[in-house]
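# Report on the structure
Spelled out, the chains give:
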Amino acid sequence: MRISIDHATTYAYDRAARFIIQTLRLTPRSSEAQQVRNWRVETDVDARLRKSEDAFGNIVHTLYTEQPTQSLTVRVSGEVVTTDTAGVVPAGQETLSPLVFLRDTALTRRDKLISVFASEFSAWPPLERLHRLMAGIHGSVAFEVGVTTPTHTAAEVLALGRGVCQDHAHVFIACARQMGMPARYVSGHLLRRDGKDDQEAAHAWAEAWIPDLGWVGFDPANGICSTDRYVRVATGLDYRGAAPVRGASYGGGGERLAVRLNVRDADMQQGQQQA
Amino acid sequence: MAFDEMSGDGGGVRESYRGLARWLADAPEGLLQARSRQAELFFRRMGITFAVYGDAESSERLIPFDVVPRIIGAAEWAGLEAGLVQRVRAINLFLADVYGAQECLKAGIVPAELILTNPHYVPEMQGRRPPRGVWVHIAGVDLVRTGEDGFYVLEDNCRTPSGVSYMLENREMMMRLFPDLFADYPVRPVETYADMLLSSLRASAPEAAGADPTIVVLTPGPFNSAYYEHSFLADKLGVDLVEGRDLFVDDGKVFMRTTQGRQQVDVVYRRIDDDFLDPLTFRPYSTLGVPGLMTAYQAGTVTLANAVGTGVADDKAVYTYMPEIIRFFTGEEPILKNVPTWRCREPEALKEVLSKLDQLVVKEVGGSGGYGMLVGPAATRAEIEAFRKKLINDPDDFIAQPTLDLSTAPTLDKGELHGRHVDLRPFVLSDPNGVRVAPGGLTRVALKPGSLVVNSSQGGGTKDTWVLDV
């Protein structure tokens, strides 16, 4: 598929920030499953952008502002041509051993509840186990915006039974690791089937490592494996490692964040899509 | 009877202590006590001087000081030094490999999972090489002794080892209190430590920094228990003591705010743990670090001493593999011994440990400072049983070692000299030109009769450590 992405992140300050530094994981990498075309990173104020790659293989831009800033918008846009791989991530770009993704992090720390929940699935062979885990989370954690924050842990979300895609991913990761299977967080974009091209936030799902297959994408918020409607942007041990923007501002007060995101099928004229 | 630093196994005074024995024999009664009181007074006064930075360190400084030096002869030291250099060289090579090609994991020298899931392994460092390739600029290696040739490494401290200020201050105090004793003894100077450290840090600066790199000491601030040492070291090095908020990162470089504007920083001797260094990479809400510091570090524009991720080399579980690590990376037999250790993660070892808990020391893999450990012979039945449960629940979290009969050294207690158990932490410096050991170290002494726990948090004191020239 040819997926067109236009993603703008705006930080506004009540009191102008003297200086802002941000690390941006907003730019997808090309692979056998996704060809990135005409990707642009733009800002609406004078800022320096430096491109690098982190240890997880993500493309990172570090942004530094050059003058007092009341409002800063970073806009990324471009096209990604995707191929369906039945959820399997093409091998060859991995920088880290899968074992690294057995690590606990603050957001994916396991507790009794996680271990009991995960144990329901452990009898199945690996692939089947993860499919069932995904379905189990899809059924146990209702999608609801506004009840969780980015600091909610997997264990808290499972106990609460509600959350957003990021929370579903964390629960999946914690449970997979609990079963001794490497798992990681993916932030990216989803071309929705319901025609809602304008979205409130970027998407997130999980990948688990299966010995004979490699990394496989599981989207527990939607209960399916990743397809050619998914664009992978960044991976990490959890949300924090793959977060689209992490930043600090000096002297700025009252920070507010607004996100504008449009993900559409580039082969279809706007407005033609079916629900 | 434990080996005594002064009288060995009881057959008379050992060579290195003969001068002290003569001096003690000639000393008028009550002299040591008088000097000991004087020392306390001096330290208190200095404590007050230093209290200008806050109150925390005046209590910190008053860790008991024993006026009887611990003396190490030239030949013994030569052996220790060679062993320490070998060990720290291996640790640097090990870290370069863990964060690089991982040959030692592929060869099965250390289980890959133990390293890659270790809380102190920092994935963000994978594939990175710190400026000039140095990982552990400063190591503090804890040694104990059980006999004439029986030195054992208890722990390799490769993160932000502390205690060097005691080494320097204890010497200053001793020279003030016992000038006559120094006149008779060829004691190697430790005062050169600051110069050694400064030259090591300079030599480890990024190449672009030029001949006169800007160095700072980064402290978490006055509320940190080692703040006194941070300010002491900055002072001795003649460099700025900074907190995270004094630094910022712009365009991939680290800068310090000064009254003359921004100044680029080339080397950060950081006394902040990895987790707190950079809120954009690690713990997000930490205000102790510098946002973007890792970006600059990965761009190679700044040296962090020690490098990020070195904790994986001093982890207690990894420690047990150190002899194999030394053989693998140096091709040599380890000069210094490891304490024989049971890894409770291995079922056979766990079984054996559980069968003789009352004879062993059991330590939490991630613990430090003498907390979270069981000293079998000194524990009550109830304590042992409580620990048994912990061990069965989380065997991976524990290692066990025999209780070593640590050497004793004469120590002043109520006007009399008694043997008290001691350990030794020498400080080892690495830079691109090699590995060096400061001729001395921190001797910690368990002041309670018979006690084997030397940690200051558990009632330990310190002594000056003399390394002799001949």
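Small disclaimer: the values here were computed from a predicted structure and weren't measured.

Bringing the overall build of chain A into the picture now. What chain A contains, in helices and strands, is five helices and 16 strands. The C-alpha radius of gyration computed for chain A amounts to 19 Å, which stays within 12% of the reference 19 Å derived for 275 residues, consistent with globular compactness. Taken along the three principal axes of its C-alpha coordinates, chain A extends 60 × 40 × 35 Å. Taking all 275 residues of chain A together, the buried fraction comes to 43%. In chain A, the proportion of contacts linking residues at least 24 apart, taken out of those at least 6 apart, comes to 73%.

Looking now at the overall build of chain B. Per the secondary structure count, chain B includes 16 helices and 21 strands. Here the C-alpha atoms of chain B give a radius of gyration of 23 Å, agreeing with the 23 Å that 2.2 N^0.38 yields for 470 residues. Considered along the principal axes of its C-alpha atoms, chain B spans approximately 65 × 60 × 40 Å. Taking all 470 residues of chain B together, the buried fraction comes to 44%.

In this section: the domain arrangement of chain A. Residue and element names in this part refer to chain A. According to the domain assignment, chain A contains domain 1 (2–81 + 244–265) and domain 2 (98–242). Contact residues are listed per partner, giving 17 residues for domain 1 and 18 residues for domain 2. Counting only elements with at least two residues in the side of domain 1 that touches domain 2, the list comes to β1 (2–17), β2 (19–27) and β16 (253–265). Sort the elements by how many residues they give to the side of domain 1 that touches domain 2 and β16 lands first, with six residues. Looking at the side of domain 1 that touches domain 2 residue by residue, the class counts come to 10 nonpolar, four polar and three charged.

Let's shift gears to the sheet that holds strand β5 (residues 240–242) of chain B. Residues and elements named next belong to chain B. One open sheet holds the four strands; their spatial order is β5-β4-β9-β10, and the pairing between them is parallel. Strands with a single pairing partner mark the edges of an open sheet, and in this sheet they are β5 and β10 (303–305). For this sheet, the mean inter-axis angle between neighbouring strands, taken without regard to orientation, is 25 degrees. Judged from the three bridges that link them, strand β9 (residues 267–270) and β10 form a sheet pairing that is parallel. Counterpart to Val268 in the pairing with β10 is Leu304.

With that out of the way, let us pick up unusual backbone geometry. Put simply, Ala305(B) and Asn306(B) share a cis peptide bond, and its omega is -5 degrees. Take Asn306(B): it is sitting in the loop between β10 and α12 (311–314). Although it is not a glycine, Asn38(A) adopts a positive phi angle of roughly 50 degrees. Turning to its location among the elements, Asn38(A) is positioned in strand β3 (residues 34–43). The backbone of Gln102(B) sits at a positive phi, close to 60 degrees, despite the residue not being glycine. Within the secondary structure, Gln102(B) is located in the loop between α4 (74–98) and α5 (103–106). Residue class for Gln102(B) comes out partly exposed when judged on the 16 C-beta atoms lying within 10 Å of it.

A few words on the UniProt feature "domain: Transglutaminase-like" (unreviewed entry) in chain A. Annotation from UniProt places "domain: Transglutaminase-like" (unreviewed entry) at residues 157–222 of chain A. End C-alpha atoms of residues 157–222 of chain A are separated by 16 Å, and the span's content is 27% helix alongside 39% strand.

Residues and elements named next belong to chain B. Contact geometry for α4 and helix α14 (residues 322–330): axes closest at 9 Å, N-to-C directions at 80 degrees. In this view, α4 runs roughly perpendicular relative to α14, as classed from their interaxial angle. On the side of α4, the interface is formed by Gln86, Arg87, Arg89, Ala90, Leu93 and Phe94, while α14 contributes Ile325, Ile326, Phe329 and Thr330. Here the residues of the contact of α4 with α14 are counted per class, giving six nonpolar, two polar and two charged.

On to the interface of chain A and chain B. Across the contact, 20 residues belong to chain A and 21 residues belong to chain B. Contributing elements (two or more residues each) for the side of chain A that touches chain B: β2, β4 (47–53), β5 (59–65) and β15 (245–250) of chain A. Residue composition of the side of chain A that touches chain B, grouped by class: eight nonpolar, six polar and six charged.

Another point: the packing of helix α1 (residues 112–119) of chain A against helix α4 (residues 165–178) of chain A. All names here are of chain A. The interhelical angle for the contact between α1 and α4, taken along N-to-C directions, is 75 degrees, at an axis separation of 9 Å. In terms of orientation, α1 and α4 fall into the roughly perpendicular class. Here Ile114, Ser115, Phe117 and Ala118 of α1 come into contact with α4, specifically with Ala174, Cys175 and Gln178. Across the contact of α1 with α4, the residue classes tally to five nonpolar, two polar and no charged.

This part takes up the sheet that holds strand β9 (residues 183–190) of chain A. All names here are of chain A. Spatially, five strands are ordered β13-β12-β11-β9-β14 in an open sheet, and the strand pairing comes out antiparallel. Because the sheet does not close on itself, it has two edges, and the strands there are β13 (224–225) and β14 (230–236). When strand β12 (residues 214–219) meets β13, the two strands line up antiparallel, connected through two bridges. By the bridge assignment, Asp219 is partnered in β13 with Ile224.

The next point concerns the domain arrangement of chain B. Here chain B is partitioned into domain 1 (67–166 + 186–336 + 424–467) and domain 2 (340–402). Each of domain 1 of chain B and domain 2 of chain B was reduced to a C-alpha centroid, and the two centroids are 28 Å apart.

Attention shifts here to the nonpolar core. Phe172(A) and Ala206(A) are the most contacted members of the largest nonpolar core, which totals 180 residues. Per element, the largest residue contribution to this core is nine residues, and it comes from α4(B). Those residues in contact with Ala206(A), other than ones at most four positions away along the chain, are Ala169(A), Phe172(A), Ile173(A), Ala183(A), Arg184(A), Tyr185(A), Val186(A), Phe218(A) and Pro220(A).

Next up on the list: the confidence of the model for chain B. Per-residue pLDDT for chain B averages 92, and the proportion of residues at 70 or more is 95%. Scored below 50 in pLDDT, residues 48–61 of chain B makes 23 contacts in the model with residues more than four places away or belonging to other chains.

Reading the values: rules and limits
Residues numbered from 1 in each chain as written. Chains lettered and ligands numbered in written order. Predicted model: local features only at pLDDT ≥ 70, side-chain atom pairs only at ≥ 80, totals over all residues. Helix = DSSP H or I, 4+ residues; strand = E, 2+ residues; numbered from the N terminus. Rg over C-alpha atoms; globule rule 2.2 N^0.38 Å. Buried ≥ 20, exposed ≤ 12 C-beta atoms within 10 Å, placed from the backbone. Contact = placed C-beta atoms within 7 Å. Domains from an automatic or database assignment. Nonpolar A, V, L, I, M, F, W, Y, C, P; charged D, E, K, R; others polar. Pairing = 2+ DSSP bridges. Axes fitted to C-alpha atoms, helices over the stretch in contact; angles between N-to-C directions. UniProt positions renumbered as here; feature names shortened; annotations may be inferred. Parallel < 35°, antiparallel > 145°, perpendicular 65-115°, else oblique. Core = buried A, V, L, I, M, F, W, Y, C linked by C-beta atoms within 7 Å. pLDDT = per-residue confidence, 0-100.

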